[in-house]
Amino acid sequence: MNLFRTIYSTIRLNQSVILPFVRQIHLESTPERLPAWEQPKGESTEIKRRRLLYQSRKRGMLENCLLLSNFASTYLPTMNAIDLDLYDKLINTPSNDWDLYYMAIGKLETPDEYQHHVMDLLKKYAKNEQKEERTQQPDLIPV
């Protein structure tokens, strides 16, 4: 029993001494910045559509994967080059996917740089006024 008490008190002591030090180092460290996003140059419209469809499907959080993949499969085939550029900037520049999701569902005010007709279309799509079932990503087919 004494062995367990010794181990337990050693662990508690280490946590109380080491953890505040680690937390302080973390708080004082400079945050790493993501590189600035640049739109790919010289990309054909067909390649851009395929890239955006893929990026819409692979977001890293299920809510955006479902929302953006269904939106992309519905609207990407009919978007012109300007709309594709706006959508590209929209899904690739916010540094936090939750921000994009909350902007799309209307819980977060959309900054001026993202407030355009493609964002309005995404917001309308997110409302799902037709009550469509969107519980899985659509099949991946070329656009």
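Residues numbered from 1 in each chain as written. Predicted model: local features only at pLDDT ≥ 70, side-chain atom pairs only at ≥ 80, totals over all residues. Heavy atoms only, no water.

Draft legend 1. Structural context of the packing of helix H3 (residues 62-75) against helix H5 (residues 97-105). H5 packs onto H3 with a crossing angle of 50° between their chain directions and a minimal axis gap of 10 Å. Looking at the two axes, H3 sits oblique to H5. By crossing handedness, the relation of H3 to H5 is classed as left-handed. Contacts from Glu63, Asn64, Leu67 and Leu68 in H3 reach Asp97, Trp98, Leu100, Tyr101 and Ala104 in H5. (Axes fitted to C-alpha atoms, helices over the stretch in contact; angles between N-to-C directions. Helix = DSSP H or I, 4+ residues; strand = E, 2+ residues; numbered from the N terminus. Parallel < 35°, antiparallel > 145°, perpendicular 65-115°, else oblique. Left-handed = near helix turned anticlockwise from the far one by under 90°. Contact = heavy atoms within 4.5 Å.)

Draft legend 2. Inspection of the environment of Leu90 at higher detail. When you line up the elements, Leu90 lands in helix H4 (residues 81-92). By relative accessible area, Leu90 is classed as buried at 0%. In this structure, Leu90 is in contact with Leu100, Tyr114, Met119 and Leu122, ignoring residues within four places of it in sequence. (Buried < 20%, exposed > 50% of the residue type's maximum accessible area, 1.4 Å probe, protein only.)

Draft legend 3. Structural view of helix H6 (residues 117-127). Val118, Met119, Leu122 and Tyr125 are the residues of H6 that are buried. For H6, the buried positions fall inside an angular range of 120° around the axis, keeping them on one side. The exposed set on the far side of H6, more than 90 degrees from its buried face, consists of Lys124 and Lys127. On the buried face of H6, the contacting elements are H3, H4 and H5. At the C-terminal side of H6, Asn128 shows a positive phi close to 50°. (Arc of directions from axis to C-beta.)

Draft legend 4. Representation of helix H2 (residues 45-57) in the model. A rise of 1.5 Å per residue sets the reference length of H2, with its 13 residues, at 18 Å; its end C-alpha atoms lie 18 Å apart and thus fit the reference within 8%. When we look at burial in H2, the residues that qualify are Lys48, Arg49, Arg51, Leu52, Leu53, Gln55, Ser56 and Arg57. On the buried face of H2, the contacting elements are H3 and H4. (Expected span 1.5 Å × (residues − 1).)

Draft legend 5. Summary view of the packing of aromatic side chains. Tallying each qualifying case throughout the model produces seven aromatic pairs. When the centroid spacing of 5.6 Å and the interplanar angle of 35° are considered together, the rings of Phe71 and Tyr87 count as tilted. Here Phe71 is found in helix H3, whereas its partner Tyr87 is found in helix H4, with 16 residues between them in sequence. Relative accessible area serves as the criterion here: at 1%, Phe71 is assigned to the buried category. Among the aromatic side chains, those forming a connected cluster through ring pairs are Phe71, Tyr75, Tyr87 and Tyr125. (Phe/Tyr/Trp six-rings, centres within 6.5 Å; stacked < 30°, edge-to-face > 60°.)

Draft legend 6. Seen up close, the packing of H3 against H6. Between H3 and H6, the least distance of the axes is 11 Å, while the angle of their chain directions is 115°. H6 is crossed by H3, and the crossing has right-handed handedness. On H6, the residues touching Leu67, Leu68, Asn70, Phe71, Thr74 and Tyr75 of H3 are Val118, Leu121, Leu122, Tyr125 and Ala126. Classifying every residue of the contact of H3 with H6 gives nine nonpolar, two polar and no charged. (Nonpolar A, V, L, I, M, F, W, Y, C, P; charged D, E, K, R; others polar.)

Draft legend 7. Structural detail: the pattern of salt bridges. By the definition in use, this model includes six salt bridges. Arg51 serves as the salt-bridge partner of Glu43, at 2.8 Å between the closest nitrogen and oxygen. Given a relative accessible area of 23%, Glu43 falls into the partly exposed group. For the salt bridge of Arg50 with Glu46, the shortest nitrogen-to-oxygen distance reads 3.3 Å. With Arg50 and Glu46 both in helix H2, this residue pair falls four residues apart, about one helical turn. A single network of salt bridges, built from pairs that share partners, joins Glu43, Arg51 and Asp88. (Salt bridge = Lys/Arg side-chain N within 4 Å of Asp/Glu carboxyl O.)

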